[in-house]
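Structure assessment
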Amino acid sequence: MSSNPQPSQPVDHLFRHARLATLVADDTRPSNGPSNGPSYRPGYGLIDDGALAVRDGRIVWLGSDATLPRFTARQETDCQGQLLTPGLIDCHTHLVWGGDRFQEFEMRLEGVAYEEIARRGGGIVSTVRATRQASEQALYEAALERLRCLSAEGVTTVEIKSGYGLDVASECRLLRVARRLGEQQPVRVRTTFLGAHAVPPEFAGRADDYMDLVVGDMLEAVVDEGLADAVDAFCEGIAFSPSQVERLFLAAKPHGLQLKLHAEQLSNLGGSALAARHGALSADHLEYLDEAGVEAMAAAGSVAVLLPGAFHFLRETQRPPVELLRRHGVPIALATDLNPGSSPLYSLLTALNLGCLLFNLTPTEALLGVTRHAAQALGLDDEIGSLEVGKRADLALWGVTEPAALMGQLGFNPCRGRYLDGRLCWVGEADAPGERP
Ligand code: NIG
Ligand code: FE
C-alpha cells in the first residue's frame, strides 16, 4: 500500500459542511426500518455535513465532508450545516406580458366566472391588447422585475411561454424578450411558443382560420429565428379543441420542438391523453384529468405539472387526481404558472406550500416537483434538477436545515445564496455578481 498522499485536485468552488438535499435517492431511510421514525427523511437524499465540489460549472464530487478528497479550491463556502439544494426550477410561467387584470380579480369576486370573463372579451385577450401596445424594452423591464422575484427564492431555471401576442410579430417579440432574459441575466431560460393560447379578436369565431396562421406563418417565423424550445396550447372549451391542438403538434414535431399542453384545467377534453400520445414532455393543470388520461401519461412518461396558484386564484374546487398520479407512477412537478390572470403568483416557495396544503402533496413530492421532476418537464433532467456528479452546479443555499422549512411557512424567504454553474449571482445584478448587499 502506497503511503504517497493523493495529489490535490484543483476545483473552482468547494461547498463544505452543508446539509445536502440531493433529491437523488432515499439515503436516510433505514432498510426495513420504520418509515416514520424521527430520523426518517423520505426521498430528499440527504447527506448531513456534506461537501460538494464544482469545476467548470459542473459538480465533480459530492459526499460526506469527512471523506472529502484533497482539493485545492479557488473559492470555498462554509455552509455551516445549512441546507443546499439544487437550484429551483419554475417549469411553467407566462412571465412576459403588458398591462394588468386586477379589474377581473374584482369581477370574479363579484361572481363572474373566469370563463364568462373570457367569453365577454376579457381574460387572455385583454392582456393581448395591452401586450401588443407595449415596446420590447418595456416588456423586458417588466419581465425582469418578475424574474427577480423568482430568483430571490433560489430559482435558477425558468420556462417562459409566449401567448399574449397572438400575431406573428408580437409572439416573436415575447419570445425574443424571454431569450434575452436568458442571455443577459444569470438564469437558465427555456422558451415555449404558445400561439394557440386564445383566439385573438381579429379572428373571433374563426378558430380554425387562426390555427392556419399559428401552424403556418407564426410557427415558421418562430422556427426561423430559433426562438422556441417547445410548443404549447390551451386545450379547453374557451380556447382550442383536441383536433386543433393535434394540428399544432404535427406541425411542430418535424422542427424538433418539444410538446407541452395546458389540459384538463376547466373541463376534461382528453387533452392530456392526446399530448401523451404525441410524446409530450408534460401536461399541465390537470384538475379534471381522469384515470384514462393518467394511464396515457404514465405510458408516455409525461410529467404532470400541477399549478396550485391558478387553482387558488380561480377558487377551483376540483383537485387534480394526485392519488391516481401516484398510483400510476406519473412524475409530479409544481410551478407558479405566473401570469396576470389566473395566477399572479411570483413565488415558487408559495407554490410549494399550496401544493402541499391544497393538493395533499408531501413535502418531498413538492420539492421533487420543483427540482428533478421540473427538470424532466423541460427535458433537462440530464443537466439539472438534482445534485449528482456531472450535473450543472445550479444550487440554492438556504438559512434553514429542514427541507420542510421551504414549504412549511409563508412570507419568509430563507434563500441565502443562488448559484448558477457554481457562481453566486442574482438576477438583476448580472453585471456585478457577488455577495448580495
Ligand atoms: O395557465 N390556462 C390558460 N392559460 C393561463 C391563463 C392565462 C390568463 O388567464 O391570462 C393559465 O392559467
Ligand atoms: Fe399556464
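The structure this text deals with has already been given above.
Quick summary incoming for the structure in this document. (Residues numbered from 1 in each chain as written. Chains lettered and ligands numbered in written order. Predicted model: local features only at pLDDT ≥ 70, side-chain atom pairs only at ≥ 80, totals over all residues. Heavy atoms only, no water.)

1. So, unusual backbone geometry
The cut-off we apply is this: Burial classes follow relative accessibility: with a 1.4 Å probe on protein chains only, a residue under 20% of its type's maximum area counts as buried, one over 50% as exposed, and anything between as partly exposed. Comment: elements are numbered from the N terminus, with helices defined as DSSP H or I runs of at least four residues and strands as E runs of at least two.
Phi is positive for Leu23, close to 60°, though the residue is something other than glycine. The class for Leu23 is buried, based on a relative accessible area of 0%. Phi angles above zero are rare outside glycine, and Gln80 is one such case at about 50°. Tracing the backbone through its elements, the reader meets Gln80 in the loop between β4 (71-78) and β5 (83-86).

2. Digging into the packing of aromatic side chains
Filter applied, for reference: By convention, a stacked pair of Phe, Tyr or Trp rings (six-membered ring in the case of Trp) has centres within 6.5 Å and planes under 30 degrees apart, an edge-to-face pair has planes over 60 apart, and any other such pair is tilted.
Across all of its chains, the model carries 5 aromatic pairs by this definition. Both rings, one in Phe15 and one in Tyr419, keep their centres 4.9 Å apart while their planes meet at 85°; by these two values the pair is edge-to-face. Highlighted residues: Phe15 in strand β1 (residues 9-21) and Tyr419 in strand β15 (residues 415-420), separated in sequence by 404 residues. Tyr419 shares its class with Phe15; the two are buried. Three or more aromatic residues joined by ring pairs form one cluster here, namely Phe203, Tyr210 and Phe240.

3. Quick word on the coordination of the iron ion (ligand 2)
Rules: Only nitrogen, oxygen and sulfur atoms within 2.8 Å of the metal, or 3.2 Å for Na, K and Ca, are treated as donors, and water is left out, so sites may look incomplete.
All of the protein donors around the iron ion (ligand 2) are His92 (NE2), His94 (NE2), His262 (NE2) and Asp337 (OD); their distances to the metal are 2.1 to 2.3 Å. Sequence spacing among the residues donating to the iron ion (ligand 2) works out to H-x1-H-x167-H-x74-D. Remark: Asp337 occurs in the loop between β13 (332-334) and α12 (348-359) and His94 occurs in the loop between β6 (88-90) and α1 (102-109); sequence separation between them is 243 residues.

4. Side note on the nonpolar core
One recurring pattern in soluble globular proteins is that nonpolar side chains are buried together. Going by this rule: Joining through side-chain atoms within 4.5 Å is the link that ties buried Ala, Val, Leu, Ile, Met, Phe, Trp, Tyr and Cys residues into a set, and such a set is a nonpolar core.
The biggest cluster of nonpolar side chains holds 123 residues, and the ones touching the most others in it are Leu95, Leu181, Phe193, Val231, Phe240, Trp398 and Leu406. Considering each element in turn, this core owes the most residues, 9 residues, to helix α6 (residues 207-224). Leu307, Ala333, Ala377 and Leu380 belong to the second-largest nonpolar core, a separate cluster that totals 13 residues.

5. Here's the deal with the site of ligand 1
Note the following rule: If a single non-hydrogen atom of a residue is within 4 Å of a molecule or strand, that residue counts as near it. Polar contact criterion, stated in full: a pair of N or O atoms within 3.5 Å, where within protein one must be able to donate a hydrogen and the other to accept it, and residues adjacent in sequence count only if both atoms are side-chain atoms. Working definition of accessibility: Shrake-Rupley area with a 1.4 Å probe, residue cover restricted to the visible protein chains. Each residue is assigned to one of three groups, with Ala, Val, Leu, Ile, Met, Phe, Trp, Tyr, Cys and Pro labelled nonpolar, Asp, Glu, Lys and Arg labelled charged, and all others, Gly among them, labelled polar.
Neighbouring residues of ligand 1: 15 residues in total, closest Tyr114, Tyr164, His197, Gln265 and Ser342. The separation between a nitrogen atom of ligand 1 and a polar side-chain atom of Gln265 is 2.7 Å. With respect to ligand 1, the side chain of His285 contributes an N or O atom lying 2.9 Å from an oxygen atom. Coverage of ligand 1 by the protein chains reaches 100% of its 330 Å² of free accessible surface. Considered class by class, the residues forming the shell around ligand 1 number 4 nonpolar, 9 polar and 2 charged.

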